[in-house]
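# Coordinate inspection notes
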Amino acid sequence: MTLAASLQVALRAIKGNPLRSLLTMLGVIIGVASVIAMISIGQGARQATTAQIQSLGSNLLTVIAMSARQSGVAAMTPVQTLTLADADAIASQVQGVAGVSAEFSRQAQVVFGSQNTYTQISGVTPAFPSVRNWLPAQGEFFTQDDLRRRAKVAVLGKTVAGTLFPNTDPIGQRIRIRGVTFTVAGVMESKGSGGPFGDRDDAVFVPLTTAQYRLFGVTYVRSIYVQVGNDSDMPAVSQAVTELLRTRHRLPSSREDDFTIRSQADIIQALTSVAQTMTMLLGGVAAVALVVGGIGIMNIMLVSVTERTREIGIRKAVGARSADILLQFLVESATIGVTGGLIGIALGILGSKVITRLAGWATLISPAAIALAFAFSVAVGVFFGLYPARRAALLDPIEA
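In this text, all values refer to a predicted model and were calculated from it rather than measured experimentally.

Attention shifts here to the overall build of the protein chain. Of regular secondary structure, the protein chain possesses 12 helices and 12 strands. Summarising its shape, the C-alpha atoms of the protein chain cover approximately 105 × 60 × 35 Å along the three principal directions. For the protein chain, the accessible area works out to roughly 19,600 Å², and carbon and sulfur atoms hold 58% of it. Taking the average location of the 33 positive side-chain charges in the protein chain and that of its 24 negative ones, the two points are 5 Å from each other.

Following this line, the structure appears as structure tokens:
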């Protein structure tokens, strides 16, 4: 009995009981569709997170005012040791640096007429747009002279501009932040919301010195962003920045750094690792449905063997070998798995697109995920059909 003949017999048996065959496939269909949809959600989230981090700026090192150790105990403790002078020193003394921007941020109320919003006030330097790859869409960013004069000028994020000025051009308008009047100089281009950073457009940017001395009464900064000219220079620049800051902060060799340096690669690796773990978890949960579908295939195939005992006996009586009977039922169970897998792939792709449209989640349909889910469905059909097929092959023709 050839493989083609076995396939014909299998298709005839499936068509002979269409409803039962469909219900048998249902577990495989749901399993494959779920695996594809869950993996596409996980991979879409990973891709969106990576894109958001890369949009912060290219080849970026972030120096954070946070000590990695405190009193010999592992910890992440905020400190007040980073200054604007540190940023200027990095820009002028470290080779390979393309740009540097310091930042200090706090939440505050912003008021325009009867409109108001509670948002993040970010004191930054004029290099911020180029270092962070975030340019004004309207108006202009403040200058080095504004930073020196502690000028009361502000650049709005897209969300804040829409809230305070729904029907008015914000350029040149006056807003109040913590009782201080600022003139709106520009509106930043939209960076979008979602991902690990929330709504990045919900912010107001002012000169760093203005934020420090006119609004919040501080002399330190929260972070320093260092843009490296060449990706291959990132480790060397990170080491040079570390040595420079330790020297400026007069830290003896026995003391840990009073700052933390993180690269884009570190952040991407950490967040994608979390996303990958979640993808595997979601895929594993969905794969349970495939196993349940396989058990359904085994159950129905055992019923089929019982119902077709006479047929098996006749086939053996007229010369069919045990291997022929084994192949016949194995092909039938594999056909159920393959058919269910193909239908599941179509539903999984459709489900991913529906999730993107209705929920707004980023999804990424991977050919590798489709191939994996399909291969798993075939394997389930073969594995769970093996026992019923072997049982059919071992039937004694006279008793059958």
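Here the narrative resumes, following the displayed structure.
Attention shifts here to the packing of helix H3 (residues 84–93) against helix H8 (residues 234–248). H8 packs onto H3 with a crossing angle of 135° between their chain directions and a minimal axis gap of 11 Å. Compared by their axis directions, H3 and H8 come out oblique. Relative to H8, H3 is oriented so that their crossing is right-handed. Here Ala85, Asp86, Ala89, Ile90 and Gln93 of H3 lie close against H8, whose contacting residues are Val241, Leu244, Leu245 and Arg248.

Compared with an ideal rise of 1.5 Å per residue, which puts 27 residues at 39 Å, helix H12 (residues 367–393) spans 37 Å between its outermost C-alpha atoms and is within 8% of the ideal. Largest kink in H12: about 40°, centred on leucine 386, with the proline proline 388 one to four residues after it. For H12, the full list of buried residues reads Ala369, Ile370, Ala373, Ser377, Val380, Gly381, Phe384, Gly385, Pro388, Ala389, Ala392 and Ala393. Between the side-chain oxygen at the start of H12 and the backbone nitrogen of alanine 368 there is a gap of 3.2 Å, and the oxygen is on serine 366.

What follows deals with a positive patch on the surface. Judged by side-chain charge, Arg150, Lys152, Arg174 and Arg214 come together as a positively charged surface patch. Relative to the helices and strands, arginine 150 resides in the loop between helix H5 (144–149) and strand S7 (153–156).

Right, let's get into a nonpolar patch on the surface. Together, Ile343, Leu347, Leu350, Val354 and Leu358 line one region of the surface with nonpolar side chains, adding up to about 460 Å² of accessible area. Tracing the chain through its elements places leucine 347 in helix H11 (residues 322–359).

Ile90, Ile175, Ile177 and Ile224 are the most contacted members of the largest nonpolar core, which totals 49 residues. Broken down by element, the residue count for this core peaks at 6 residues, all from strand S4 (residues 97–112). Beyond its immediate sequence surroundings of up to four residues, isoleucine 177 is in contact with Ala108, Gln109, Val110, Ile121, Phe182, Val204, Val206 and Leu215. In this structure, Ile345, Ile370, Ala373 and Ala389 belong to the second largest nonpolar core, which totals 26 residues.

A few words now on the side chain of threonine 335. With respect to the helices, strands and loops of the structure, threonine 335 is situated in helix H11. Since its relative accessible area comes to 10%, threonine 335 is described here as buried. When sequence neighbours within four positions are dropped, the list of residues in contact with threonine 335 reads Leu7, Ala10, Leu11 and Ile14.

Turning our eyes to something else, we now look at helix H1 (residues 3–16). Given a rise of 1.5 Å per residue, 14 residues ought to cover 20 Å, and the 20 Å separating the end C-alpha atoms of H1 matches this to within 8%. Taken together, the buried positions of H1 are occupied by Ser6, Val9, Ala10, Ala13 and Ile14. Within H1, the buried residues cover an arc of 135° as seen down the axis, which keeps them to one side. Exposed side of H1, more than 90 degrees from the buried face: Gln8, Arg12, Lys15 and Gly16 are the residues found there.

Let us now look at unusual backbone geometry. One non-glycine residue, arginine 150, adopts positive backbone phi at about 55°. In this structure arginine 150 comes out as partly exposed when scored by relative accessible area, which is 35%. For arginine 178, which is not glycine, the phi dihedral falls at a positive 50°. With respect to the helices and strands, the residue arginine 178 is situated in the loop between strand S8 (174–177) and strand S9 (180–188).

Here leucine 164 shows up in helix H6 (residues 158–164). Given a relative accessible area of 1%, leucine 164 falls into the buried group. Remark: the alpha-carbon pair of leucine 164 and glutamine 120, spanning 44 residues in sequence, is separated by 14 Å. Beyond its immediate sequence surroundings of up to four residues, leucine 164 is in contact with Val110, Phe112, Gln115, Asn116, Thr117 and Ile175.

The next subject is the packing of aromatic side chains. If you walk through the whole model with that rule in mind, you get 9 aromatic pairs. Between the aromatic rings of tryptophan 134 and phenylalanine 205, the centroid separation amounts to 5.3 Å while the plane-to-plane angle is 80°, which identifies the pairing as edge-to-face. Separated by 71 residues along the polypeptide, tryptophan 134 in the loop between helix H4 (128–131) and strand S6 (136–139) and phenylalanine 205 in strand S10 (residues 203–207) bring together distant segments of the chain. According to the relative accessible area criterion, phenylalanine 205 is buried, its value standing at 3%. The rings of Phe128, Trp134, Phe141, Phe142 and Phe205 are connected pair by pair, giving a single aromatic cluster. Across from the ring centre of tyrosine 225, 4.1 Å away, lies the NZ or CZ of arginine 132, which sits over that ring. The ring of tyrosine 213 is capped by arginine 150, whose NZ or CZ atom sits 4.0 Å from the centre of that ring.

Our next topic: the packing of H1 against H11. At a minimum axis separation of 8 Å, H1 and H11 run at an interaxial angle of 60°. As far as their axial angle goes, H11 and H1 are oblique. Like other packed secondary-structure pairs, H1 and H11 cross with a definite hand, here right-handed. Counting all contacts with H1, which are made through Leu3, Ser6, Leu7, Val9, Ala10, Leu11, Ala13 and Ile14, the residues of H11 involved are Leu327, Gln328, Val331, Glu332, Thr335 and Ile336. Split into classes, the residues belonging to the contact of H1 with H11 amount to 10 nonpolar, 3 polar and 1 charged.

The pLDDT averaged across the protein chain works out to 84; a share of 93% of its residues lies at or above 70. The low-confidence segment residues 70–75 (pLDDT under 50) makes 6 contacts with residues lying over four places distant or belonging to another chain.

Reading the values: the criteria
Residues numbered from 1 in each chain as written. Predicted model: local features only at pLDDT ≥ 70, side-chain atom pairs only at ≥ 80, totals over all residues. Heavy atoms only, no water. Helix = DSSP H or I, 4+ residues; strand = E, 2+ residues; numbered from the N terminus. Areas by Shrake-Rupley, 256 points an atom, 1.4 Å probe, with all protein chains shown as cover. Lys, Arg positive; Asp, Glu negative; His and termini not counted. Charge placed at Lys NZ, Arg CZ, Asp CG, Glu CD. Axes fitted to C-alpha atoms, helices over the stretch in contact; angles between N-to-C directions. Parallel < 35°, antiparallel > 145°, perpendicular 65-115°, else oblique. Left-handed = near helix turned anticlockwise from the far one by under 90°. Contact = heavy atoms within 4.5 Å. Expected span 1.5 Å × (residues − 1). Bend = angle between axes of the 7 residues up to and from the residue. Buried < 20%, exposed > 50% of the residue type's maximum accessible area, 1.4 Å probe, protein only. Polar contact = N/O pair within 3.5 Å; in protein donor to acceptor, adjacent residues only side chain to side chain. Patch = residues over 30% accessible without salt bridge, like charges linked within 9 Å, V, L, I, M, F, W, Y side chains within 5 Å. Salt bridge = Lys/Arg side-chain N within 4 Å of Asp/Glu carboxyl O. Core = buried A, V, L, I, M, F, W, Y, C linked by side-chain atoms within 4.5 Å. Arc of directions from axis to C-beta. Phe/Tyr/Trp six-rings, centres within 6.5 Å; stacked < 30°, edge-to-face > 60°. Lys NZ or Arg CZ within 6 Å of the ring centre and 35° of its normal. Nonpolar A, V, L, I, M, F, W, Y, C, P; charged D, E, K, R; others polar. pLDDT = per-residue confidence, 0-100.

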